[in-house]
Each structure stands twice: as C-alpha cells, then as structure tokens.
Amino acid sequence: MQTFYTDDHRLHHGRCELIDGQLKPCFEMPQRAYHILDRVKERKLGEVLEPADFGRAPIERIHTKAYLDFFEGAWARWEKQGKDGDLMPFTWPARTLREILPQDNLHAQLGYYSFDGGAPITAGTWHACYCSAQVALSGWDEVRNGARTAFALCRPPGHHAAADLMGGYCFLNNAAIACQAALDQGAERIAVLDVDYHHGNGTQSIFYDRADVLFCSIHGDPNFEFPYFLGYADETGAGAGEGFNLNLPLASGSPWAVYGAALETACKRISAYSPDLVVVSLGVDTFEQDPISQFKLKSEDYLRMGEHIAALGCPTLFVMEGGYAVAEIGINAVNVLEGFEG
Ligand code: Q9C
Ligand code: ZN
C-alpha cells in the first residue's frame, strides 16, 4: 500500500506538557513520525508519496471558520506580544462561567477553543496540522482512485479535535476531514474504527447526530482514562444518528484476549452497516510499553488487528493517531498494515 507523508509535521514541536504535577517533554513529538516512516521503508510496505494540496475547503467542512481563523492566526498574535514560549490555554469556560467568546484576548479565545492544556501551539503548528489534514485527504484520494487501501501517516494526530475545539495533542480532525471528503465525493456510508487507546471524542461529537458515519471506538474506560468526559457505552448517537455510535470501553490492563473480543464486536457492527469505506483511526498507544497508557497489547497482536480489519472486505483508509512508545511505534503501526495486506 502507498503511504502519504510530509516532513512538514516537524514544524509542530511542543516543548512540554504538564503531567503528574511536572513539566515533561511532549510525548507527541516529531520522532514518532520518523520512526513510522523508517519502518514503512524498512519493511518495503510500498511507495511513500508527498500529499497533494486540496486547500482549506475540505477542512472547513468539519471545522468552523471561526475556529480555523483563530488557529491560523494565533501564533502571529502571540509573537506580536513579544512572546516565544508555546501558546497554551489555562482557563476554560467550565460550569458557572459563561460560554462566551471574548473579542480580543488571545488567552480567553484559546480557552474557548480548547478542552485541555495538551495541545500547545508553536510557530509551525498551523502549517503542520494543515499538512496533516492534506495527508489524510491524499490517502482518501488514493482509495477513491481504486486502491484497496492507503496509509495516511498523519502527524499531529486528530481524533480528539472537535468542530471548534483542540485538545489531547489534536488540532484538526484528519479522519473526520477525510470522511467528509469521501461523503462529498459520492460515498454513502462510512465506518470509522477508532483503535487508538483513547476515546475519539472529537470524531464522535462531529458525527453523533448523523447516520452516514458509523463511529466505533475501543478505548480505555473514561471512568479512569482521558478524555474522562466522553466515551461511555451508553453514548449510542442522537436523532438521525441514534444507533450509529458504538463505544467499547475496556478496563485498565486489558490484554489482546479482551481487546480482540471487542474488535470482533466492532467488526460485526461495521459489517452489518455495509460501509463503502472504512476509516481506521490508527493509534498504537494500546501497546504494553506505552508510557501514558494502560493496555497490554504486544507487537504481534497488531498483525492480528490488521487481519481482522482486512476481513471486513471494504476499501480501508488508515489514518495515524497516537502511540508514544517511540522506539516501537513503527513496528506496531506497520504490523497492523502488514496484517491487513496479508
Ligand atoms: N497530560 C492521542 O493519543 N494525556 N492523544 C493527558 C496529562 C492526554 C492522547 C495526560 C492524552 C492525549 C492522540
Ligand atoms: Zn491516544
């Protein structure tokens, strides 16, 4: 299969995140994508291609124009204030406060457009995220042109980003942007299979009231895991989307035996939906050695994961999401793709 990739992701390089009361180097770092690319080449998965540029229009089909304008312009405003540290939010319109968008203040607007402090904006963040979305769109274009599958090596990841919210290392929802492009170009039903360790709250929220995208996610139970406030089993969709959202939260410490059973459940639901396209939000932070996660998958389990996905028999776009055991991220991600190819 072909891989879509651009080095421009390196322009997003946050310095630190707050974890356990300490500032630590960001887990979501450029080396993640370099390791995956190295493994794609080493295993001769297929050609590696630069993304095409489809412009801002397909991104605006998912994200609000106000959010995109804010995000695109935020760094220049910060720089104008003479600042050069990462731009990070620290006040949010939580209960008792008003959900208003203050007209001028950068930090107030940043709080309005984010749900956590885990998505720092640096000088190149907008450009890197724009390119990451183009990588996903290019992967879809490859499948649209008849390929059985493609790998969008996106970085930064996207599945926590909602229509007008950044958070959880995510700014633009690459998988959702690719889904909407596919729908706009003739697909009728798309299944998103989100195998990242964390619940894909952004993707769920974007498609929650719609029947044309079935969202299925297997993840650490939000009772104990980020993003805490979404991802429970009783979230089944709303309105026309009722029945088209499937959350399969799993306990801390879950091994492949448990994970594989949940994957079977998700795949059965997806088969019953008979989608034109499957978009896999491919996070490999389910790995036993992941530094911020609590599942126990082993490298060989990712081959099985790919085989299960292939058994759906649908055109499939893989969109890279999380995975923070940097040394093994390439092995695990490419194992899914090799398992898929059989
Ligand atoms: N800083 C993805 O895997 N972690 N995002 C919060 C305290 C947030 C993960 C821990 C994890 C976000 C794409
Ligand atoms: Zn994750």
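Here is what the cut-offs are and how they apply
Residues numbered from 1 in each chain as written. Chains lettered and ligands numbered in written order. Predicted model: local features only at pLDDT ≥ 70, side-chain atom pairs only at ≥ 80, totals over all residues. UniProt positions renumbered as here; feature names shortened; annotations may be inferred. Helix = DSSP H or I, 4+ residues; strand = E, 2+ residues; numbered from the N terminus. Rg over C-alpha atoms; globule rule 2.2 N^0.38 Å. Buried ≥ 20, exposed ≤ 12 C-beta atoms within 10 Å, placed from the backbone. Contact = placed C-beta atoms within 7 Å. Core = buried A, V, L, I, M, F, W, Y, C linked by C-beta atoms within 7 Å. Axes fitted to C-alpha atoms, helices over the stretch in contact; angles between N-to-C directions. Parallel < 35°, antiparallel > 145°, perpendicular 65-115°, else oblique. Left-handed = near helix turned anticlockwise from the far one by under 90°. Near = placed C-beta within 6 Å. Nonpolar A, V, L, I, M, F, W, Y, C, P; charged D, E, K, R; others polar.

As recorded by an unreviewed UniProt entry, the chain carries the name Acetylpolyamine aminohydrolase and is attributed to Ventosimonas gracilis. Taken verbatim from the UniProt record of the chain, the Cofactor (unreviewed entry) comment is "Zn(2+)". Under the heading Sequence similarities (unreviewed entry), UniProt records this for the chain: "Belongs to the histone deacetylase family."

**Structural notes on the overall build of the chain**
Helix and strand content of the chain: 10 helices and 10 strands. Relative to its length of 342 residues, the chain is compact, with a C-alpha radius of gyration of 19 Å against a globular reference of 20 Å. Here the chain holds 342 residues, and the buried ones make up 52% of them. Counting only contacts in the chain whose residues sit at least 6 apart along the sequence, the fraction spanning at least 24 positions is 75%.

**Considering the nonpolar core**
Core analysis: the largest hydrophobic core is formed by 99 residues, its most contacted members being Ala136, Ala152, Ala178, Val279 and Val319. At 10 residues, the largest contribution of residues to this core is made by helix H5 (residues 125-144). Among residues more than four places away in sequence, those in contact with Val319 are Ala136, Gly139, Ala152, Cys154, Asn174, Ala175, Ala178, Val279, Val280, Ser281 and Leu282.

**Some thoughts on the packing of H5 against helix H6 (residues 174-184)**
The N-to-C vectors of H5 and H6 enclose an angle of 40 degrees; their axes lie 9 Å apart at closest approach. In terms of axis orientation, H5 runs oblique to H6. Classified by chirality, the crossing of H6 by H5 is right-handed. From H5, Ser132, Ala133, Ala136, Leu137, Gly139 and Trp140 reach across to H6, where they touch Asn174, Ala175, Ile177, Ala178, Ala181 and Ala182.

**Let's talk about the site of ligand 1**
Surveying the vicinity of ligand 1 reveals 17 residues, the closest of which are Ile19, Pro157, Gly168, Tyr169 and Gly322. Residues of the shell around ligand 1, tallied by class, amount to seven nonpolar, six polar and four charged.

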